[in-house]
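# Reading the structure
If you want the building blocks of each chain, they are given just below.
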Amino acid sequence: MALDELKILLVEDDPVFRTIVASFLRGRGALVTEAGDGEVALAAFFAESFDVVLSDITMPNMDGLALLTELANAGSYVPAIVMSGNQQMSNVTDALKLGAADYLVKPISDLYQIEHAIYESLRGTHLNKNDIARDVDDLSYLELNEHLSLLEHNANAAKSVQQQLFPNSSVSYKQATFEYTLFSGHDVSPYFIDSERLANGHLSMYLAHFYPEDHRAAFGSVLLRSFMHQSSRELLKNNGGQLEPCKMLEYLNQRLMQANMGIYADILLIVYVPETRMVHIAQAGTGLRCYIRQQDDFTPVMLPPAIQLGLVEWGACQGHTRLLQTNEQLCVVSSNQYRSLLSENQFAGVDFQAEVPAGGYFQLSAD
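This report concerns the structure included in the present document. It should be emphasised that the depicted structure is a prediction, and the values quoted were computed from it without experimental measurement.

## A few points about the packing of helix H2 (residues 38-47) against helix H3 (residues 64-73)
A pair of packed helices is characterised by two quantities: the angle between their axes and the separation of those axes. The interhelical angle for the contact between H2 and H3, taken along N-to-C directions, is 25°, at an axis separation of 9 Å. Classified by the angle between their axes, H2 and H3 sit roughly parallel to one another. Here the hand of the crossing between H2 and H3 comes out right-handed. Residue-level inspection shows Gly38, Ala41, Leu42 and Phe45 of H2 in contact with H3, the latter providing Leu67, Glu70 and Leu71.

Here is the structure:
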(Lines give C-alpha, C1' and ligand atoms only; values in the text may rest on other atoms or scores of the structure.)
Protein backbone atom coordinates (compact mmCIF):
# COMPACT_ATOMS: atom_id res chain seq x y z
CA MET A 1 0.00 0.00 0.00
CA ALA A 2 1.01 3.64 -0.41
CA LEU A 3 2.16 4.22 3.18
CA ASP A 4 3.53 0.73 3.81
CA GLU A 5 5.52 0.50 7.06
CA LEU A 6 5.73 4.26 7.64
CA LYS A 7 5.75 4.87 11.40
CA ILE A 8 3.50 7.84 12.18
CA LEU A 9 2.97 9.51 15.55
CA LEU A 10 -0.60 10.92 15.49
CA VAL A 11 -1.27 13.57 18.15
CA GLU A 12 -4.93 14.64 18.45
CA ASP A 13 -7.09 15.31 21.52
CA ASP A 14 -10.41 14.69 19.75
CA PRO A 15 -10.85 10.90 20.10
CA VAL A 16 -13.38 10.65 17.27
CA PHE A 17 -11.24 12.51 14.71
CA ARG A 18 -8.12 10.73 15.96
CA THR A 19 -9.77 7.34 15.39
CA ILE A 20 -10.91 8.34 11.91
CA VAL A 21 -7.44 9.55 10.87
CA ALA A 22 -5.66 6.59 12.47
CA SER A 23 -7.99 4.13 10.71
CA PHE A 24 -7.40 5.83 7.37
CA LEU A 25 -3.61 5.81 7.77
CA ARG A 26 -3.58 2.18 8.87
CA GLY A 27 -5.77 1.34 5.91
CA ARG A 28 -3.09 2.92 3.71
CA GLY A 29 -0.43 0.68 5.30
CA ALA A 30 1.05 2.97 7.97
CA LEU A 31 2.02 1.95 11.51
CA VAL A 32 0.26 4.51 13.73
CA THR A 33 0.90 5.39 17.36
CA GLU A 34 -1.84 7.54 18.88
CA ALA A 35 -1.46 10.25 21.55
CA GLY A 36 -4.11 12.50 23.06
CA ASP A 37 -1.84 15.44 23.90
CA GLY A 38 1.72 16.70 23.53
CA GLU A 39 3.00 15.24 26.79
CA VAL A 40 1.94 11.71 25.85
CA ALA A 41 3.32 12.24 22.34
CA LEU A 42 6.69 13.44 23.62
CA ALA A 43 7.09 10.36 25.81
CA ALA A 44 6.20 8.12 22.87
CA PHE A 45 8.56 9.99 20.55
CA PHE A 46 11.57 9.32 22.78
CA ALA A 47 10.54 5.74 23.43
CA GLU A 48 10.65 4.65 19.78
CA SER A 49 11.51 5.94 16.32
CA PHE A 50 9.03 7.59 13.92
CA ASP A 51 9.10 8.70 10.30
CA VAL A 52 6.46 11.46 10.61
CA VAL A 53 4.72 13.41 13.39
CA LEU A 54 1.14 14.50 12.60
CA SER A 55 -0.16 16.82 15.32
CA ASP A 56 -3.09 19.06 16.14
CA ILE A 57 -2.12 22.52 17.41
CA THR A 58 -4.79 23.15 20.08
CA MET A 59 -4.58 20.47 22.80
CA PRO A 60 -4.59 20.28 26.62
CA ASN A 61 -1.49 19.76 28.79
CA MET A 62 0.99 20.41 25.97
CA ASP A 63 -0.23 21.90 22.68
CA GLY A 64 1.21 21.28 19.23
CA LEU A 65 3.46 24.35 19.23
CA ALA A 66 4.99 23.35 22.56
CA LEU A 67 5.51 19.84 21.19
CA LEU A 68 7.29 21.22 18.11
CA THR A 69 9.48 23.36 20.38
CA GLU A 70 10.53 20.30 22.40
CA LEU A 71 11.28 18.33 19.23
CA ALA A 72 13.35 21.20 17.81
CA ASN A 73 15.31 21.54 21.06
CA ALA A 74 16.04 17.82 20.91
CA GLY A 75 17.49 18.21 17.40
CA SER A 76 14.83 16.05 15.77
CA TYR A 77 15.07 15.47 12.01
CA VAL A 78 11.61 13.86 11.85
CA PRO A 79 9.25 15.92 9.68
CA ALA A 80 6.20 17.28 11.51
CA ILE A 81 2.82 18.19 9.98
CA VAL A 82 0.40 20.32 11.99
CA MET A 83 -3.38 20.57 11.81
CA SER A 84 -5.13 23.79 12.81
CA GLY A 85 -8.86 24.06 13.45
CA ASN A 86 -9.23 27.64 14.65
CA GLN A 87 -8.46 29.40 11.34
CA GLN A 88 -5.78 31.56 13.04
CA MET A 89 -2.92 31.98 10.60
CA SER A 90 -0.65 33.06 13.47
CA ASN A 91 -0.64 29.43 14.64
CA VAL A 92 0.39 28.33 11.17
CA THR A 93 3.26 30.81 10.96
CA ASP A 94 4.43 29.93 14.48
CA ALA A 95 4.45 26.25 13.48
CA LEU A 96 6.49 27.01 10.36
CA LYS A 97 8.99 28.98 12.44
CA LEU A 98 9.37 25.92 14.65
CA GLY A 99 10.14 23.76 11.63
CA ALA A 100 6.81 22.23 10.62
CA ALA A 101 7.07 20.69 7.17
CA ASP A 102 3.43 21.38 6.28
CA TYR A 103 0.08 22.40 7.74
CA LEU A 104 -3.53 21.40 7.17
CA VAL A 105 -6.58 23.48 8.04
CA LYS A 106 -9.50 21.72 9.71
CA PRO A 107 -12.07 20.55 8.92
CA ILE A 108 -10.26 18.15 6.61
CA SER A 109 -12.95 16.91 4.26
CA ASP A 110 -10.60 14.71 2.19
CA LEU A 111 -8.28 12.48 4.21
CA TYR A 112 -6.09 12.04 1.15
CA GLN A 113 -4.90 15.59 1.86
CA ILE A 114 -3.17 14.11 4.90
CA GLU A 115 -1.55 11.43 2.76
CA HIS A 116 -0.42 14.08 0.31
CA ALA A 117 1.14 16.14 3.13
CA ILE A 118 2.99 13.04 4.36
CA TYR A 119 4.32 12.37 0.87
CA GLU A 120 5.52 15.96 0.57
CA SER A 121 7.22 15.97 3.98
CA LEU A 122 9.16 12.81 3.04
CA ARG A 123 10.14 13.86 -0.47
CA GLY A 124 13.90 13.54 -0.91
CA THR A 125 14.44 11.35 2.16
CA HIS A 126 15.66 7.75 2.37
CA LEU A 127 11.98 6.72 2.68
CA ASN A 128 11.55 7.28 -1.06
CA LYS A 129 12.38 3.60 -1.41
CA ASN A 130 8.59 3.16 -1.33
CA ASP A 131 8.22 5.23 -4.52
CA ILE A 132 6.85 8.20 -2.58
CA ALA A 133 8.44 10.66 -4.99
CA ARG A 134 6.65 9.08 -7.94
CA ASP A 135 3.30 8.62 -6.19
CA VAL A 136 3.07 12.21 -4.97
CA ASP A 137 2.91 13.52 -8.51
CA ASP A 138 -0.41 11.72 -8.92
CA LEU A 139 -1.97 13.60 -5.99
CA SER A 140 -3.59 17.03 -6.36
CA TYR A 141 -2.29 20.31 -4.98
CA LEU A 142 -5.82 21.21 -3.85
CA GLU A 143 -4.86 22.50 -0.41
CA LEU A 144 -1.99 24.59 -1.81
CA ASN A 145 -4.30 26.17 -4.35
CA GLU A 146 -6.88 26.89 -1.65
CA HIS A 147 -4.33 28.72 0.49
CA LEU A 148 -2.97 30.58 -2.53
CA SER A 149 -6.47 31.68 -3.46
CA LEU A 150 -6.99 33.04 0.05
CA LEU A 151 -3.77 35.04 -0.01
CA GLU A 152 -4.31 36.24 -3.57
CA HIS A 153 -7.77 37.66 -2.94
CA ASN A 154 -7.45 38.86 0.66
CA ALA A 155 -4.79 41.56 1.03
CA ASN A 156 -5.20 41.75 4.81
CA ALA A 157 -4.76 38.00 5.22
CA ALA A 158 -1.68 37.96 2.98
CA LYS A 159 -0.09 40.91 4.76
CA SER A 160 -0.85 39.44 8.18
CA VAL A 161 0.64 36.06 7.33
CA GLN A 162 3.83 37.53 5.91
CA GLN A 163 4.32 40.00 8.77
CA GLN A 164 4.15 37.20 11.31
CA LEU A 165 6.94 35.34 9.50
CA PHE A 166 9.44 38.19 9.73
CA PRO A 167 11.97 37.93 12.59
CA ASN A 168 12.78 40.67 15.06
CA SER A 169 14.98 43.47 13.72
CA SER A 170 17.93 42.13 15.72
CA VAL A 171 18.48 38.51 16.72
CA SER A 172 21.37 37.53 18.99
CA TYR A 173 22.67 34.02 18.52
CA LYS A 174 25.54 32.34 20.30
CA GLN A 175 28.67 33.98 18.83
CA ALA A 176 26.75 35.93 16.16
CA THR A 177 24.21 38.73 15.64
CA PHE A 178 21.72 39.09 12.79
CA GLU A 179 20.18 42.52 12.04
CA TYR A 180 18.04 43.79 9.18
CA THR A 181 15.74 46.41 7.70
CA LEU A 182 13.10 45.72 5.07
CA PHE A 183 11.14 48.53 3.40
CA SER A 184 7.73 47.79 1.96
CA GLY A 185 5.19 50.24 0.58
CA HIS A 186 2.89 47.40 -0.47
CA ASP A 187 0.30 45.38 1.42
CA VAL A 188 2.60 42.43 0.80
CA SER A 189 6.36 42.83 0.51
CA PRO A 190 7.93 41.28 -2.61
CA TYR A 191 11.05 40.82 -0.45
CA PHE A 192 11.47 38.40 2.43
CA ILE A 193 14.27 38.21 5.03
CA ASP A 194 14.79 35.52 7.64
CA SER A 195 17.39 33.82 9.82
CA GLU A 196 17.37 30.54 11.71
CA ARG A 197 19.51 28.53 14.11
CA LEU A 198 19.85 24.96 12.85
CA ALA A 199 20.19 21.75 14.82
CA ASN A 200 23.99 21.47 14.63
CA GLY A 201 24.68 25.08 15.68
CA HIS A 202 24.92 26.42 12.12
CA LEU A 203 23.02 29.59 11.26
CA SER A 204 21.18 30.20 8.00
CA MET A 205 19.96 33.58 6.76
CA TYR A 206 18.73 34.88 3.45
CA LEU A 207 17.18 37.70 1.47
CA ALA A 208 14.69 36.75 -1.27
CA HIS A 209 12.92 38.79 -3.95
CA PHE A 210 9.73 37.19 -5.28
CA TYR A 211 8.18 37.59 -8.71
CA PRO A 212 5.45 38.46 -9.61
CA GLU A 213 5.33 41.28 -7.05
CA ASP A 214 1.78 40.60 -5.87
CA HIS A 215 -0.01 38.76 -3.07
CA ARG A 216 1.68 35.53 -4.11
CA ALA A 217 4.81 36.85 -2.42
CA ALA A 218 3.13 36.09 0.91
CA PHE A 219 2.54 32.51 -0.18
CA GLY A 220 6.11 32.38 -1.47
CA SER A 221 7.34 33.50 1.95
CA VAL A 222 5.41 30.66 3.62
CA LEU A 223 6.79 28.14 1.13
CA LEU A 224 10.34 29.42 1.48
CA ARG A 225 10.24 29.42 5.29
CA SER A 226 8.97 25.86 5.37
CA PHE A 227 11.17 24.53 2.55
CA MET A 228 14.32 26.19 3.90
CA HIS A 229 13.96 24.40 7.21
CA GLN A 230 13.14 21.09 5.56
CA SER A 231 16.07 21.27 3.13
CA SER A 232 18.54 22.05 5.90
CA ARG A 233 17.18 19.22 8.02
CA GLU A 234 17.54 16.68 5.22
CA LEU A 235 21.04 17.85 4.28
CA LEU A 236 22.22 17.75 7.88
CA LYS A 237 20.92 14.21 8.21
CA ASN A 238 22.20 12.90 4.88
CA ASN A 239 25.42 14.89 4.45
CA GLY A 240 27.38 14.10 7.59
CA GLY A 241 26.16 17.14 9.52
CA GLN A 242 27.38 19.55 6.86
CA LEU A 243 25.30 22.17 5.07
CA GLU A 244 26.00 23.27 1.51
CA PRO A 245 23.98 26.35 0.46
CA CYS A 246 24.07 25.37 -3.20
CA LYS A 247 22.39 22.05 -2.43
CA MET A 248 19.82 23.87 -0.32
CA LEU A 249 19.00 26.14 -3.27
CA GLU A 250 18.75 23.14 -5.58
CA TYR A 251 16.23 21.60 -3.21
CA LEU A 252 14.27 24.86 -2.92
CA ASN A 253 14.15 25.22 -6.70
CA GLN A 254 12.69 21.73 -7.02
CA ARG A 255 10.00 22.45 -4.44
CA LEU A 256 9.02 25.80 -5.98
CA MET A 257 8.63 24.18 -9.37
CA GLN A 258 6.58 21.34 -7.92
CA ALA A 259 4.26 23.83 -6.20
CA ASN A 260 3.38 25.09 -9.70
CA MET A 261 2.24 28.50 -8.44
CA GLY A 262 4.03 30.67 -10.98
CA ILE A 263 6.39 32.02 -8.30
CA TYR A 264 10.10 32.54 -8.93
CA ALA A 265 12.74 34.31 -6.92
CA ASP A 266 16.17 35.84 -6.55
CA ILE A 267 17.76 34.69 -3.30
CA LEU A 268 21.08 35.13 -1.54
CA LEU A 269 21.62 32.45 1.09
CA ILE A 270 24.23 32.43 3.87
CA VAL A 271 25.20 29.51 6.10
CA TYR A 272 27.46 30.51 9.01
CA VAL A 273 29.37 28.14 11.30
CA PRO A 274 30.06 30.06 14.54
CA GLU A 275 32.61 27.58 15.89
CA THR A 276 34.93 28.05 12.90
CA ARG A 277 33.67 31.49 11.71
CA MET A 278 33.32 30.03 8.21
CA VAL A 279 30.74 31.63 5.93
CA HIS A 280 29.23 29.72 3.00
CA ILE A 281 27.39 31.82 0.40
CA ALA A 282 25.19 30.87 -2.57
CA GLN A 283 22.86 32.82 -4.81
CA ALA A 284 20.09 32.38 -7.35
CA GLY A 285 19.41 35.21 -9.77
CA THR A 286 21.58 38.30 -10.03
CA GLY A 287 19.46 41.01 -8.40
CA LEU A 288 20.97 40.92 -4.89
CA ARG A 289 24.40 41.94 -3.65
CA CYS A 290 26.74 40.62 -0.95
CA TYR A 291 29.53 42.62 0.75
CA ILE A 292 32.20 42.20 3.38
CA ARG A 293 32.05 45.27 5.59
CA GLN A 294 34.91 46.75 7.58
CA GLN A 295 33.50 49.86 9.29
CA ASP A 296 32.50 52.08 6.33
CA ASP A 297 34.32 50.06 3.67
CA PHE A 298 32.24 47.59 1.64
CA THR A 299 34.06 45.00 -0.46
CA PRO A 300 31.84 43.08 -2.89
CA VAL A 301 31.82 39.30 -2.69
CA MET A 302 32.10 38.09 -6.27
CA LEU A 303 29.59 35.33 -6.97
CA PRO A 304 29.11 33.63 -10.36
CA PRO A 305 25.80 34.38 -12.12
CA ALA A 306 22.96 31.94 -11.55
CA ILE A 307 19.39 31.62 -12.78
CA GLN A 308 16.43 32.41 -10.54
CA LEU A 309 14.67 29.78 -8.48
CA GLY A 310 11.42 28.32 -9.75
CA LEU A 311 11.92 28.78 -13.50
CA VAL A 312 13.69 25.68 -14.81
CA GLU A 313 15.66 22.73 -13.52
CA TRP A 314 18.55 24.19 -11.60
CA GLY A 315 22.10 23.47 -12.67
CA ALA A 316 25.28 23.30 -10.62
CA CYS A 317 25.85 26.20 -8.25
CA GLN A 318 29.26 27.67 -7.52
CA GLY A 319 29.21 29.21 -4.07
CA HIS A 320 31.75 31.15 -2.05
CA THR A 321 33.41 30.27 1.27
CA ARG A 322 35.51 32.51 3.48
CA LEU A 323 36.54 33.14 7.07
CA LEU A 324 34.70 36.01 8.79
CA GLN A 325 37.10 38.05 10.91
CA THR A 326 36.06 39.66 14.21
CA ASN A 327 36.31 43.15 12.67
CA GLU A 328 34.14 42.20 9.68
CA GLN A 329 30.44 41.94 8.95
CA LEU A 330 28.75 40.15 6.09
CA CYS A 331 26.05 42.26 4.44
CA VAL A 332 23.40 41.42 1.84
CA VAL A 333 21.45 44.22 0.13
CA SER A 334 18.75 44.42 -2.53
CA SER A 335 20.16 47.72 -3.83
CA ASN A 336 23.27 49.81 -3.24
CA GLN A 337 21.04 52.73 -2.23
CA TYR A 338 20.82 51.14 1.22
CA ARG A 339 24.55 51.14 1.92
CA SER A 340 24.37 54.55 3.59
CA LEU A 341 21.79 53.20 6.04
CA LEU A 342 24.01 50.19 6.67
CA SER A 343 26.93 52.51 7.39
CA GLU A 344 24.79 54.24 10.01
CA ASN A 345 23.78 50.85 11.51
CA GLN A 346 20.08 51.52 11.04
CA PHE A 347 18.23 48.27 11.62
CA ALA A 348 14.49 48.71 12.02
CA GLY A 349 12.97 45.37 11.00
CA VAL A 350 9.99 45.74 8.67
CA ASP A 351 9.32 49.41 7.83
CA PHE A 352 6.16 50.21 5.85
CA GLN A 353 6.88 53.48 4.02
CA ALA A 354 5.09 54.10 0.74
CA GLU A 355 7.65 56.68 -0.36
CA VAL A 356 10.64 54.32 0.00
CA PRO A 357 11.24 51.73 -2.76
CA ALA A 358 10.68 48.15 -1.66
CA GLY A 359 13.85 46.34 -0.67
CA GLY A 360 16.18 45.94 2.24
CA TYR A 361 19.36 44.57 3.75
CA PHE A 362 20.72 42.42 6.55
CA GLN A 363 24.02 42.13 8.38
CA LEU A 364 25.77 39.24 10.07
CA SER A 365 28.31 40.08 12.81
CA ALA A 366 30.62 37.55 14.46
CA ASP A 367 30.69 38.08 18.24
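## Notes on unusual backbone geometry
Cis rather than trans, the peptide bond between Tyr211 and Pro212 has omega equal to -5°. Mapped onto the secondary structure, Pro212 falls in the loop between strand S9 (203-211) and helix H9 (216-238). Phi is positive for Glu5, which is not a glycine, with a value near 70°. Looking at the element boundaries, Glu5 is found in the segment before strand S1 (7-11).

## Things to note about the pairing of strand S3 (residues 52-56)
Burial analysis of S3 places 5 of its 5 residues in the buried class, which makes it a mostly covered element. As defined by bridge partners, S1 adjoins S3 across 4 bridges and the pair is classed as parallel. Within S3, the residue paired with Leu10 across the bridge is Leu54. Examined bridge by bridge, S3 and strand S4 (residues 80-84) share 4 bridges and lie parallel to one another. Note on S4: the bridge partner recorded for Ser55 is Val82. In this region the chain leaves S3, passes through H3 and returns to the parallel neighbour S4; the handedness of that crossover is right-handed.

## Considering the sheet that holds strand S5 (residues 102-105)
Overall, parallel pairing links the 5 strands, which are arranged S2-S1-S3-S4-S5 in an open sheet. Two strands close off the open sheet at either side, each with one partner strand: strand S2 (31-35) and S5. Going from strand to strand, the sheet's axes swing by 20° on average, the running direction of each strand aside. Against the sheet, helix H1 (residues 15-27) touches S1, S2, S3 and S4, its axis set at about 170° to S2.

## Looking at the packing of aromatic side chains
Evaluated as defined, the whole model comprises 12 aromatic pairs. Each member of the aromatic cluster is reached from another via a ring pair, and the members are Phe183, Tyr338, Phe347 and Tyr361. The ring of Tyr291 carries Arg339 above its face, with NZ or CZ at 5.1 Å from the centroid.

Basis of the calculations
- Note that residues are indexed from 1 along each chain, following the sequence as it is written.
- It should be noted that, the model being predicted, local features are given only for residues of pLDDT at least 70 and side-chain atom pairs only at 80 or more, the latter also being counted only at that level, while totals for whole chains, interfaces and linings use all residues.
- Hydrogens and water are ignored here; the side-chain numbers use all heavy atoms of the structure.
- To get an axis, a line is fitted to the C-alpha atoms, and for a helix only the part in contact is used. The angle between two axes follows their N-to-C directions and goes from 0 to 180 degrees.
- Every helix listed is a DSSP run of H or I at least four residues long, and every strand listed is a run of E at least two residues long, numbered separately from the N terminus.
- Oblique is the label for any angle not under 35 degrees, not over 145, and not in the 65 to 115 range, which are roughly parallel, roughly antiparallel and roughly perpendicular in turn.
- Take the far helix as the reference: if the near one is turned anticlockwise from it by less than a right angle, the crossing is left-handed, and if turned clockwise, right-handed.
- Residues are treated as being in contact if the distance between any of their heavy atoms lies within 4.5 Å.
- Exposure categories follow from relative accessible area, calculated using a 1.4 Å probe and restricted to protein chains: below 20% of the type maximum is buried, above 50% is exposed, and the middle band is partly exposed.
- One bridge is not enough; two strands pair if DSSP finds at least two bridges between them.
- Throughout, right-handed denotes a crossover for which the path from the first strand over the helix to the second runs clockwise when the strands point away from the viewer.
- Any two of the Phe, Tyr and Trp rings considered here, Trp counted by its six-membered ring, make a pair once their centres fall within 6.5 Å; the pair's planes then place it as stacked at under 30 degrees, edge-to-face at over 60, or tilted in between.
- Criterion for a charge above a ring: Arg CZ or Lys NZ at most 6 Å from the ring centre, at most 35 degrees from the ring normal.

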